[in-house]
Amino acid sequence: MAGFLIPIISMETKLSLRFWRVALWGALTFLLFSISFWHFFGASIAVQVGKKEAILSVPPNPFLPSIVSGVLALLFVMLGMAALWWLQSGRKPVPLRRRFASHKGNAELSVRLLLLVLLLAICSSLPTTSRLNTCRACLWTANQAHEKFKCLPPEGFYHFSDGSGVHAGMYARGSKGLNKFGFDKFAFEDVQANRTRFGWPFRTITLDVVPRESEWHLVFETFWFANNLFFSFLGWLCIQPVFGARKWLFRFNKSAGKSG
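Residues numbered from 1 in each chain as written. Predicted model: local features only at pLDDT ≥ 70, side-chain atom pairs only at ≥ 80, totals over all residues. Heavy atoms only, no water.

Caption draft 1: Structural detail: the packing of aromatic side chains. Applying the stated criterion across every chain, the model contains 14 aromatic pairs. With a centroid separation of 5.6 Å and 90° between ring planes, the pair formed by Phe149 and Phe160 is classed as edge-to-face. With Phe149 in helix α4 (residues 140-149) and Phe160 in strand β2 (residues 157-162), this pair connects stretches of sequence that are eleven residues apart. What makes Phe160 buried here is its relative accessible area of 9%. Among the aromatic residues, those joined into a cluster by ring pairs are Phe30, Phe230, Phe231, Phe233 and Trp236. One Lys or Arg, Lys148, reaches over the ring of Phe149 and ends 5.7 Å from the middle of that ring. Stacked on the ring of Phe160, the Lys or Arg Lys148 has its end atom at 5.2 Å from the ring centre. (Phe/Tyr/Trp six-rings, centres within 6.5 Å; stacked < 30°, edge-to-face > 60°. Helix = DSSP H or I, 4+ residues; strand = E, 2+ residues; numbered from the N terminus. Buried < 20%, exposed > 50% of the residue type's maximum accessible area, 1.4 Å probe, protein only. Lys NZ or Arg CZ within 6 Å of the ring centre and 35° of its normal.)

Have a look at this one:
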């Protein structure tokens, strides 16, 4: 009986250690993806605003930044794993050295990290969308710019940061004067906007697009619960024990069959 329990305890220990190894490398991949996504998406917005012509601008899209971020995150993590493998293998004689793919399940771990990167890239590129009918200055994404400059900047673009987040926008500014109440006609003109919310680990990105006007307004909000990619990471992490348990059961049944 004791001989039968020893393999079970050994398998459970290995299962636990492998889970924490997957969790640590997954957390590092998620962190690298998040930093890269924030940097590249913000840079793409700055480039678009730098054009200073709304007619030449298209609404910001996270697809390309998410792909670049995923590739970079996976590349750096794989380099880190390869460095650890090289350091650990260098201490052993050549006949006892194991290949990178078979060392501590690196091949399986690489596949799981690749699935994590794909999940993050897909979730950041497939956001939720809703439609709004309201005045231009009433949009949450444009309201902060309107309050800061007392009206939407006549240049047709803005890009600034404050306590509520990062704000950017482009629009075809026209000279429409004031309405009968003394307010800017352009700012309080009714528009139909498509609102899109992207997830990011520590911010929520809200984008309002007015298709007919070649216009968009965007905010990196401090509110982080909506469409947060962190929940995608937690979901990926929660299913890891399932893969480990499946492998453990397979080995357990194989061991039980041999002992029987």
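Caption draft 2: How the structure looks around the pattern of salt bridges. A full pass over the atoms with the stated rule returns four salt bridges. For Glu189, the salt bridge is made with Arg136, and the minimal N-O distance between the two is 3.1 Å. Taken together, the residues Glu189 in the loop between β3 (165-170) and β4 (190-199) and Arg136 in the loop between β1 (128-135) and α4 connect sequence positions 53 residues apart. Residue Glu189 is classed as partly exposed on the basis of its relative accessible area of 26%. (Salt bridge = Lys/Arg side-chain N within 4 Å of Asp/Glu carboxyl O.)

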